[in-house]
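Structural description and commentary
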Amino acid sequence: QVQLVESGGGLVQAGGSLRLSCVALGSILSINKMGWYRQAPGKQREFIAVITSSGYTNYADSVKGRFTISRDNARNTVYLQMNSLKPEDTAVYYCNVLMYNMREYWGQGTQVTVSS
């Protein structure tokens, strides 16, 4: 079983920064993709960013140039550096991991609130 533990959420003023972390614990075999999604109140969960095991990254248009995803393969950890935060970035942020055996896991979510 794999457990994803997220940290780093909180309250920040518009224009500020936060760094989210997510570590995968448990029976880790081989992680393919690691990514982040978010869900604002009353909205569907949306894709934010993904990074493959080789370091290829992809971002949602809404966060390009402001957010940076990175990972530490040795620590099974993925990070999301969020700069120039806006009130519309307020959401619960979820970590997502896809294994090479196609099993997928989600974190419990961490709240990010950006005040104007």
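Data block above holds the structure.
Quick summary incoming for the structure in this document. (Residues numbered from 1 in each chain as written. Predicted model: local features only at pLDDT ≥ 70, side-chain atom pairs only at ≥ 80, totals over all residues. Heavy atoms only, no water.)

A look at the pattern of salt bridges
Defined as follows: Any carboxyl oxygen of Asp or Glu that lies within 4 Å of a side-chain nitrogen of Lys or Arg is treated as forming a salt bridge with it. Helix and strand labels come from DSSP, where a helix needs a run of H or I of at least four residues and a strand needs a run of E of at least two; each type is numbered from the N terminus. With a 1.4 Å probe rolled over the protein chains alone, any residue whose accessible area is under 20% of its type maximum counts as buried; one over 50% counts as exposed, and the rest are partly exposed.
Summed over all chains, the structure comprises five salt bridges. Taking the shortest distance from any N to any O, the salt bridge between Arg38 and Asp89 comes out at 2.9 Å. In this pair, Arg38 sits in strand 4 (residues 31-39) while Asp89 sits in the loop between strand 8 (77-82) and strand 9 (91-99), placing the two residues 51 residues apart along the sequence. Owing to a relative accessible area of 6%, Arg38 belongs among the buried residues under this scheme. With its nearest N and O atoms 2.7 Å apart, the salt bridge here joins Arg66 to Asp89. You can see Arg66 sitting in the loop between strand 6 (57-59) and strand 7 (67-72) and its partner Asp89 sitting in the loop between strand 8 and strand 9, a full 23 residues away along the chain. Residue Arg66 shares its accessibility class with Asp89, and that shared class is buried. Several salt bridges converge on common partners, so that one network encompasses Arg38, Glu46, Arg66 and Asp89.

What about the packing of aromatic side chains?
Condition: Two rings belonging to Phe, Tyr or Trp (six-membered ring only in the last case) form a pair when the distance between their centres is within 6.5 Å. Interplanar angles under 30 degrees mark stacking, angles over 60 mark edge-to-face geometry, and anything in between is tilted.
In the structure shown here, the tally under the stated rule is two aromatic pairs. Look at Tyr37 and Phe47: their rings are 5.7 Å apart centre to centre, the planes differ by 75°, and that puts the pair in the edge-to-face class. Of this pair, Tyr37 sits in strand 4 while Phe47 sits in strand 5 (residues 46-51), and the two are ten residues apart along the sequence. The class of Tyr37 is partly exposed, set by a relative accessible area of 23%.

Overview of unusual backbone geometry
Of note in the backbone geometry, Ser84 takes a positive phi value of approximately 50° without being a glycine. Looking at the element boundaries, Ser84 is found in the loop between strand 8 and strand 9. On the basis of relative accessibility, which here comes to 41%, the residue Ser84 falls in the partly exposed class. Of note, Met102 is a non-glycine position whose phi angle comes to about 75°, a positive value. Relative to the helices and strands, Met102 resides in the loop between strand 9 and strand 10 (104-106).

Comments concerning the side chain of Thr52
Following the sequence through the fold, Thr52 ends up in the loop between strand 5 and strand 6. Taking the relative accessible area as the measure of exposure, Thr52 reaches 13% and is therefore buried.

Concerning the nonpolar core
As a reminder, the rule being used: What makes a nonpolar core is a set of buried Ala, Val, Leu, Ile, Met, Phe, Trp, Tyr and Cys residues whose side-chain atoms join them at distances within 4.5 Å.
Trp36, Leu80, Met82 and Tyr93 are the most contacted members of the largest nonpolar core, which totals 31 residues. Counting residues per element, the ones that place at least two in this core are strand 1 (2-7), strand 3 (18-26), strand 4, strand 5, strand 7, strand 8, strand 9 and strand 11 (110-115). Here this core takes five residues from strand 9, the largest share from any one element.

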